[in-house]
Amino acid sequence: MHNEKPAYKRILLKLSGEALMGDDQFGINRDTIVRMVDEIAEVTRLGVEVAVVIGGGNIFRGVAGGSVGMDRATADYMGMLATVMNALALGDTMNKAGLTARVMSAIGIEQVVEPYVRPKALQYLEEGKVVIFAAGTGNPFFTTDTAAALRGAEIGAEIVLKATKVDGVYSADPKKDPSATRYSKITFDAAMNQNLGIMDAAAFALCRDQKLPIKVFSIFKHGALKRVVMGEDEGTLVHV
Ligand SMILES: Nc1ncnc2c1ncn2[C@@H]1O[C@H](COP(=O)(O)OP(=O)(O)OP(=O)(O)O)[C@@H](O)[C@H]1O
Ligand SMILES: O=c1ccn([C@@H]2O[C@H](COP(=O)(O)O)[C@@H](O)[C@H]2O)c(=O)[nH]1
């Protein structure tokens, strides 16, 4: 038994694919993925039901393929397959850490991972398993942020937690503009009107319409995920 009471019963955690590289130039850094899994394990021990959407930016982005002359939809399918690789690595790391993880894919590759079936995902969550949603939405021209909004709404998550490389939403991209300032909270409409590039408009719009708040915080800050789950002041809240 623990005395700490989390602020949420069920969360959708969007993990940055790019952050999986750690200090490497490409791919999955072992220490980084193990550390991420440790932080996830900590919140599952609080009794929180955790579903994860993982990005693919450490391996492939469709927009990059499109920019060098590939057919954009084909490049996007490659990007979705990249997220499947990340999801398999994440699930494997979770299982080795003593969690029970289930990977579900939005595109059919049954020999590798089971397909996404909503009632099955809900059942796994109720059983205390961590569900990892792979292959984004299954559709080209979208992103895993949109997948996080979509799956978050479908499973009745109380919040989407975007664990990324920056510690919140800024007035401009902090990697390009050092004078940018961080918001502690911001409405969906303000974020969309200002074209803040932290998430794509489709993800913001879906969460806004479903009244599903988003918390943006740094994946590199030790203990930040737990603080967010405990309802403490961390990162930026995007709300209706
Ligand atoms: N207004 C803003 N506030 C904060 N970050 C911003 C803003 N505009 C752009 N960014 C950029 O958005 C990035 C995070 O979003 P992005 O979708 O690129 O990464 P991710 O979701 O963490 O990775 P992946 O797509 O690999 O899963 C940050 O690293 C930051 O540089
Ligand atoms: O629903 C989706 C989700 C993703 N993609 C493609 O995958 C890559 C990687 O995802 P990130 O969100 O950028 O990490 C993305 O660039 C798309 O090419 C997709 O097509 N549909």
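Quantities reported herein were computed from a predicted structural model and do not represent experimental measurements.

A. Inspection of the pattern of salt bridges at higher detail. Throughout the structure, instances matching the rule amount to 16 salt bridges. Measuring nitrogen to oxygen at the nearest pair gives 3.0 Å for the salt bridge that ties Lys-96 to Asp-92. Note that Lys-96 and Asp-92 are positioned in helix H3 (residues 72-96) at a spacing of four residues, about one turn of the helix. Residue Asp-92 is classed as partly exposed on the basis of its relative accessible area of 36%. The salt bridge involving Asp-209 is made with Arg-208; its shortest N-O contact spans 3.2 Å. Salt bridges sharing partners connect three or more residues here, namely Lys-9, Arg-10 and Glu-49.

B. Structural context of the UniProt feature "binding site: ATP" (unreviewed entry) in the chain. In the numbering used here, UniProt assigns the "binding site: ATP" (unreviewed entry) feature to Lys-14, Leu-15, Ser-16, Gly-17, Gly-57, Arg-61, Thr-164, Tyr-170 and Asp-173. A stretch of 160 residues holds the annotated residues, and the largest C-alpha distance among them is 23.3 Å, long enough that they do not meet in one place. Relative to the helices and strands, Gly-57 is located in the loop between strand E2 (49-54) and helix H2 (62-67). We classify Gly-57 as partly exposed; its relative accessible area is 23%.

C. Seen up close, the UniProt feature "domain: Aspartate/glutamate/uridylate kinase" (unreviewed entry) in the chain. Mapped onto this structure's residue numbering, the UniProt feature "domain: Aspartate/glutamate/uridylate kinase" (unreviewed entry) falls at residues 9-218. The distance from the first to the last C-alpha atom of residues 9-218 is 21 Å, and the span holds 39% helix and 18% strand.

D. Examining the side chain of Glu-234 more closely. On the secondary structure map, Glu-234 appears in the loop between helix H8 (224-229) and strand E9 (236-239). Relative accessible area serves as the criterion here: at 5%, Glu-234 is assigned to the buried category. Only 2.8 Å separates the side chain of Glu-234 from the side chain of Arg-227, close enough to count as a polar contact. Not counting the four nearest positions on each side in its chain, Glu-234 is found in contact with Lys-215, Phe-217, Lys-221, Ala-224, Arg-227 and Val-228.

E. A look at the confidence of the model for the chain. Averaged over every residue, the pLDDT of the chain is 96; the share at 70 or more is 99%. Note on the complex model: pTM 0.97, ipTM 0.97.

F. Just the site of ligand 2, in detail. Close to ligand 2 lie 17 residues, the nearest being Arg-61, Asp-76, Thr-137, Asn-139 and Thr-144. In this structure, Gly-56 approaches ligand 2 through a main-chain N or O atom, which is 2.8 Å from an oxygen atom. Separating a nitrogen atom of ligand 2 from a backbone N or O atom of Asn-139 is a distance of 2.7 Å. The protein chains hide 95% of the 440 Å² of surface that ligand 2 would expose on its own. When residues in the shell around ligand 2 are grouped by element, the largest group, three residues, is from H3. Looking at side-chain class alone, the shell around ligand 2 contains five nonpolar, 10 polar and two charged residues.

G. A look at the packing of helix H1 (residues 30-44) against H3. H3 packs onto H1 with a crossing angle of 60° between their chain directions and a minimal axis gap of 10 Å. Considered as vectors, H1 and H3 are oriented oblique to each other. The handedness of the crossing between H1 and H3 is right-handed. Here H1 contributes Arg-30, Ile-33, Val-34, Val-37 and Ile-40 to the contact with H3, which in turn contributes Ala-89, Leu-90, Thr-93 and Met-94. A breakdown of the residues in the contact of H1 with H3 according to their chemical character gives seven nonpolar, one polar and one charged.

So, how was this worked out
Residues numbered from 1 in each chain as written. Chains lettered and ligands numbered in written order. Predicted model: local features only at pLDDT ≥ 70, side-chain atom pairs only at ≥ 80, totals over all residues. Heavy atoms only, no water. Salt bridge = Lys/Arg side-chain N within 4 Å of Asp/Glu carboxyl O. Helix = DSSP H or I, 4+ residues; strand = E, 2+ residues; numbered from the N terminus. Buried < 20%, exposed > 50% of the residue type's maximum accessible area, 1.4 Å probe, protein only. UniProt positions renumbered as here; feature names shortened; annotations may be inferred. Polar contact = N/O pair within 3.5 Å; in protein donor to acceptor, adjacent residues only side chain to side chain. Contact = heavy atoms within 4.5 Å. pLDDT = per-residue confidence, 0-100. Near = heavy atom within 4 Å. Areas by Shrake-Rupley, 256 points an atom, 1.4 Å probe, with all protein chains shown as cover. Nonpolar A, V, L, I, M, F, W, Y, C, P; charged D, E, K, R; others polar. Axes fitted to C-alpha atoms, helices over the stretch in contact; angles between N-to-C directions. Parallel < 35°, antiparallel > 145°, perpendicular 65-115°, else oblique. Left-handed = near helix turned anticlockwise from the far one by under 90°.

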